[in-house]
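Below, each chain spelled out in residue letters.
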Amino acid sequence: MSEKTTIYSLAKELNMTPSMVSRAFTPSARIDPEKRRLVLEAAERHGYRPNRAASRLSGEEIRIAVIISSAAVHVNDLLLRGIREAAAQRADCKVIPVIRMIPADTPHAERIRQCEAAVDASMDSRGAILTGFSDDALRPSVRRLRERMPVVFLQDKLENEDCLFASCHDERTAARMACELLDLSLRCAPPEKRRVLLFTGDRSIWLHRNADAAFRAACAEYGLELVDSMEMHDSDDCLRSLLDDAVLQRADTLGGIYITSGNCLELCRFIKAHRLPLSLITFDVYDRLNAYVRDGTVQVTMCQNLVKQAKNAYLGLCDYLISGQKPDPVVLSEVLPVMRSNLHLFE
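What comes next is a walk through the structure. Just so you know, these numbers come straight off a predicted model, no measurement behind them. (Residues numbered from 1 in each chain as written. Predicted model: local features only at pLDDT ≥ 70, side-chain atom pairs only at ≥ 80, totals over all residues. Heavy atoms only, no water.)

**What to know about the nonpolar core**
Within the largest apolar cluster, 33 residues are counted, with the highest numbers of intra-cluster contacts made by Leu 197, Phe 199, Val 247, Ile 257 and Leu 267. Elements with a minimum of two residues in this core: strand 6 (195-200), strand 7 (225-231), helix 10 (236-246), strand 8 (256-259), helix 11 (265-273) and helix 12 (287-294). Not counting residues within four places of it along the chain, the set of residues in contact with Val 247 comprises Leu 197, Phe 199, Leu 242, Ile 257, Leu 267, Phe 270, Leu 276 and Leu 278. Core analysis: the next-biggest nonpolar cluster, separate from the first, contains 26 residues, Val 66, Ile 68, Leu 79 and Ile 129 among them. (Core = buried A, V, L, I, M, F, W, Y, C linked by side-chain atoms within 4.5 Å. Buried < 20%, exposed > 50% of the residue type's maximum accessible area, 1.4 Å probe, protein only. Helix = DSSP H or I, 4+ residues; strand = E, 2+ residues; numbered from the N terminus. Contact = heavy atoms within 4.5 Å.)

**Topic: helix 6 (residues 108-121)**
Taking 1.5 Å per residue as the helical rise, helix 6 with its 14 residues ought to reach 20 Å, and the 20 Å between its terminal C-alpha atoms agrees with that figure. Every buried residue of helix 6 is listed here: Arg 111, Ile 112, Cys 115, Ala 118 and Val 119. Buried residues of helix 6, seen end-on, are gathered within an arc of 125 degrees and therefore sit on one face of the element. For helix 6, the secondary structure elements touched by its buried residues are strand 1 (62-69), strand 2 (95-102) and helix 7 (139-148). (Expected span 1.5 Å × (residues − 1). Arc of directions from axis to C-beta.)

**Brief notes about the environment of Arg 23**
With respect to the secondary-structure elements, Arg 23 resides in helix 2 (residues 18-24). Along the backbone, Arg 23 and Ser 323 are 300 residues apart, and their C-alpha atoms lie at a distance of 9.0 Å.

**Here we look at the side chain of Asn 290**
Among the secondary structure elements, Asn 290 is positioned in helix 12. Classification of Asn 290 by relative accessible area gives buried; the value is 2%. For Asn 290, the side chain forms a polar contact with the side chain of Glu 347, separated by 3.3 Å. (Polar contact = N/O pair within 3.5 Å; in protein donor to acceptor, adjacent residues only side chain to side chain.)

**Here we look at the pattern of salt bridges**
Enumeration over the complete set of coordinates arrives at 25 salt bridges. Salt-bridge contacts for Glu 161 lead to Arg 139; the nearest nitrogen and oxygen are separated by 3.5 Å. In this pair, Glu 161 sits in the loop between strand 4 (151-155) and strand 5 (165-169) while Arg 139 sits in helix 7, placing the two residues 22 residues apart along the sequence. Neither residue differs from the other here; Glu 161 and Arg 139 are each classed as buried. (Salt bridge = Lys/Arg side-chain N within 4 Å of Asp/Glu carboxyl O.)

**Notes on the sheet that holds strand 8**
Spatial ordering of the open sheet is given by 7-6-8-9-10-12, a layout of six strands whose pairing is mixed. One side of each edge strand has no neighbouring strand; the edge strands of this open sheet are strand 7 and strand 12 (336-338). Each strand axis lies, on average, 20 degrees off the axis of its neighbour in the sheet, ignoring direction. Strand direction decides the pairing type here: strand 6 and strand 8, joined by four bridges, are parallel. Across the sheet, Val 196 pairs through a bridge with Gly 256, a residue of strand 8. Its contacts with the sheet place helix 11 against strand 6, strand 8 and strand 9 (279-283), and it is angled at close to 160 degrees to strand 9. (Pairing = 2+ DSSP bridges. Axes fitted to C-alpha atoms, helices over the stretch in contact; angles between N-to-C directions.)

**Remarks on unusual backbone geometry**
Positive phi values are uncommon outside glycine, yet Asp 234 reaches one of about 55 degrees. The topology assignment puts Asp 234 in the loop between strand 7 and helix 10. Of note in the backbone geometry, Asn 305 takes a positive phi value of approximately 55 degrees without being a glycine. Within the fold, Asn 305 resides in the loop between strand 10 (300-303) and helix 13 (306-323).

**Observations concerning helix 9 (residues 206-222)**
A turn of α-helix holds 3.6 residues, and therefore any two residues three or four places apart point the same way. For helix 9, with 17 residues, the first-to-last C-alpha span of 24 Å sits near the 24 Å given by 1.5 Å per residue. Among the residues of helix 9, those classed as buried are Trp 206, Leu 207, His 208, Asn 210, Ala 211, Asp 212, Ala 214, Phe 215, Ala 218 and Cys 219. Elements that come into contact with the buried residues of helix 9 comprise strand 4, strand 5, helix 8 (171-185), strand 6, strand 7 and strand 8.

**Some words on the side chain of Thr 5**
Examined against the element boundaries, Thr 5 turns out to sit in the segment before helix 1 (7-14). Looking at Thr 5, the relative accessible area reads 10%, which means it is buried. When sequence neighbours within four positions are dropped, the list of residues in contact with Thr 5 reads Leu 10, His 46 and Tyr 48.

**What about the environment of Ile 205?**
By the element assignment, Ile 205 lies in the loop between strand 6 and helix 9. Residue Ile 205 is classed as buried on the basis of its relative accessible area of 14%. Setting aside its immediate chain neighbours within four residues, Ile 205 contacts Ser 134 and Asp 156.

**Some details on the packing of helix 6 against helix 7**
For the pair helix 6 and helix 7, interaxial distance at closest approach is 10 Å and the crossing angle is 10 degrees. For the element pair helix 6 / helix 7, the angle class is roughly parallel. Residues Glu 116, Val 119 and Asp 120 of helix 6 form the contact with helix 7, whose participating residues are Ser 141, Arg 144 and Leu 145. Tallied by class, residues from the contact of helix 6 with helix 7 come to two nonpolar, one polar and three charged. (Parallel < 35°, antiparallel > 145°, perpendicular 65-115°, else oblique. Nonpolar A, V, L, I, M, F, W, Y, C, P; charged D, E, K, R; others polar.)

So this is what it looks like as structure tokens:
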């Protein structure tokens, strides 16, 4: 980036006033679209980025609505941590997060009601970040919000719903990695033990459907027999009800299991209690699950980096509201395998 490029040099090059060039970097500012395009193209050409903090010192406060609704306590905690860390990075730009979190143990009907109320209370914000809004009953609320402001989907992208961008993990890569790890674990096993089982979360959410499809394809590629793919709806009770028939009755011929939901503690307890010699690959990194990694019940858990997903969502929306810099349609966090040997790096 050239250090000589400034608002004034861009204004001179484009035969505009400095104030007009400055307004071009603010999405809400009134400026002819063609002039905005010329300014942004020239800025990109010169590698120029406006000084966000300096330009915001005298401006009004920007409020970003953050609505977090997950049935998993650890997901809520990690997303909240990421939002707060990102907010600290943009505090000098007068950007303020207004966080509304639905408790993880909230019953379904009440969760819908609280999400709708949170949307109603967020209508005066400049932008919004939503997570846990995949239920069809919430689509009208999402659309009302999108009519008023740019919306970012966090952790999962809602199908057939436009948004500024989505910040989520790479579920296809995670599923392929899990399958390859199972293949490595079972490479020396007899053919009858190269049989694996898949549990997914709620397949009304596109990322669990994508994980299912990617895992099936990878099993065919690596020569593993997928004996079943079962939907446990991100529910401890549902998972518990499946374990006897799905796992225990197949224990003699089953080699490994991958579960795409962070709500996997019931499966871990079951395998440990029955001392089943299975290769188990889980999802997420949090204290109660980490204990099963340490004792060897879980061979590998896939870290989707929820903190980074939340930070990417907040920082991307901030930069768009301040400078008009639009992120890619989908911003993915890296997927990392976590084992006993490197678990300490993720705690």
